[in-house]
Amino acid sequence: MATQREIRKRIQSVTSTKKITKTMEMVSTAKMKKMQDRLGMTKPYADKVDQIIGHLRESAVGDVYDPLLQERTNPNRVLILMITGNRGLCSGFNTNVIDNTLKFKQKLAVEEGRDVLLHVIGKKGINYLKFIGEPMHKSESNLEDKLTFNDAATLGNELINLFISGELDEVYVSYTKVVSSASQKPALFRLLPITPETKDITDQASEFHVDYIFEPNAYQVFSSLLPLYVKVKLYTSLLESGFSEQFARRVAMKNATDAATDMIRDLTIRYNRARQAKITNEIAEIVGGASAL
């Protein structure tokens, strides 16, 4: 049975850990709120860009040629952009994205015989792939809350150039999608060639028909909108991953704090029992000694 001193040291240790987890929970909450605000400002813009491109393709201009829209005959060389975090202590956030990516890579490489490249963002993903000996095409740390649209634009231009030059036939993004403010899940989508989402467009088209007048022409309109679409998609994906990471870390630290609180309560009860037993034993010894005298 543990002594009073050992239990007291254990209580002090758990209390110190609780202070750390509580602080990390508060920091994650602040960062999560910041990312949520940025995501809230970005999502309407991203949805509108997607909607405009979808409307244009629905309005008899779907045959407009643009390299970013063209499907390759036999797409063989594929790149997967995997977005993870730089740090852990966020439950299964990083593990889920990595597992989802590697399963998809195995499907493409083994079952379909394609040449798959991995572009990894985030130190946790980089370190894990190095540990298992998985080769990477490129790797870089996650900018997290320091991310700007220019950073996403630079990455988007790089991927666009690789696709147009023919070095890549398809580009996929593996990240954590925000389903709701309290629900996130790992997801994959094809970034290039572009296949804009057309949800709700059919319903709108049934209500009215829009005739677009292009100035100077449809090709130039598409050539300016499509690269923007790619950059906005990347920026939104990075923001969603950042928000999901902070949400997962906040939940993990809250659970750790609650567990520490329960542990301190149990240890305090054990300490009081040990103290009471010691006092009772001392009283018994005193009474026994007095009776002997």
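Residues numbered from 1 in each chain as written. Predicted model: local features only at pLDDT ≥ 70, side-chain atom pairs only at ≥ 80, totals over all residues. Heavy atoms only, no water.

Visitor: So what's going on with the sheet that holds strand β2 (residues 115–121)? Residues and values would help.
Guide: Taken in spatial order, the five strands of this open sheet run β3-β2-β1-β4-β5, and their pairing is mixed. Each edge of the sheet is formed by a strand with only one pairing partner; in this case those strands are β3 (138–140) and β5 (183–192). Between one strand axis and the next, the sheet turns through 25° on average, direction left out of account. Bridge analysis of strand β4 (residues 170–180) against β5 gives nine bridges, and the strand direction is antiparallel. The residue of β5 that forms the bridge with Tyr-172 is Arg-190. Where helix α2 (residues 93–111) meets the sheet, its contacts fall on β1 (77–83), β2, β4 and β5, and the angle it forms with β1 comes to roughly 175°. In this fold helix α3 (residues 123–132) packs onto β1, β2 and β3, with an angle of close to 135° to the strand it touches most, β2. (Pairing = 2+ DSSP bridges. Helix = DSSP H or I, 4+ residues; strand = E, 2+ residues; numbered from the N terminus. Axes fitted to C-alpha atoms, helices over the stretch in contact; angles between N-to-C directions. Contact = heavy atoms within 4.5 Å.)

Visitor: Lay out the pattern of salt bridges with the relevant residues and their values.
Guide: Tallying each qualifying case throughout the model produces 17 salt bridges. For the salt bridge of Arg-72 with Asp-169, the shortest nitrogen-to-oxygen distance reads 3.1 Å. Of this pair, Arg-72 sits in the loop between α1 (4–61) and β1 while Asp-169 sits in the loop between α4 (149–164) and β4, and the two are 97 residues apart along the sequence. Look at Arg-72 and you get partly exposed, because its relative accessible area is 24%. A relative accessible area of 13% means that Asp-169 is categorised as buried. Note that Glu-144 and Arg-87 form a salt bridge whose closest N and O atoms lie 2.6 Å from each other. Placement of Glu-144 in the loop between β3 and α4 and of Arg-87 in the loop between β1 and α2 is noted, with a sequence separation of 57 residues between them. Arg-87 sits in the partly exposed class, given a relative accessible area of 41%. Shared partners join several salt bridges into a network, and the residues in it are Glu-71, Lys-107, Glu-112, Arg-114, Glu-170 and Arg-190. (Salt bridge = Lys/Arg side-chain N within 4 Å of Asp/Glu carboxyl O. Buried < 20%, exposed > 50% of the residue type's maximum accessible area, 1.4 Å probe, protein only.)

Visitor: Could you give an account of the packing of aromatic side chains, with specific residues and numbers?
Guide: Here the structure, examined in full by the defined rule, presents four aromatic pairs. When the centroid spacing of 5.5 Å and the interplanar angle of 85° are considered together, the rings of Phe-149 and Tyr-235 count as edge-to-face. Of this pair, Phe-149 sits in helix α4 while Tyr-235 is found in helix α6 (residues 218–292), placing the two residues 86 residues apart along the sequence. Relative accessible area serves as the criterion here: at 10%, Tyr-235 is assigned to the buried category. Seen from the ring of Phe-189, Lys-233 lies directly overhead, with NZ or CZ sitting 5.7 Å from the centre. (Phe/Tyr/Trp six-rings, centres within 6.5 Å; stacked < 30°, edge-to-face > 60°. Lys NZ or Arg CZ within 6 Å of the ring centre and 35° of its normal.)

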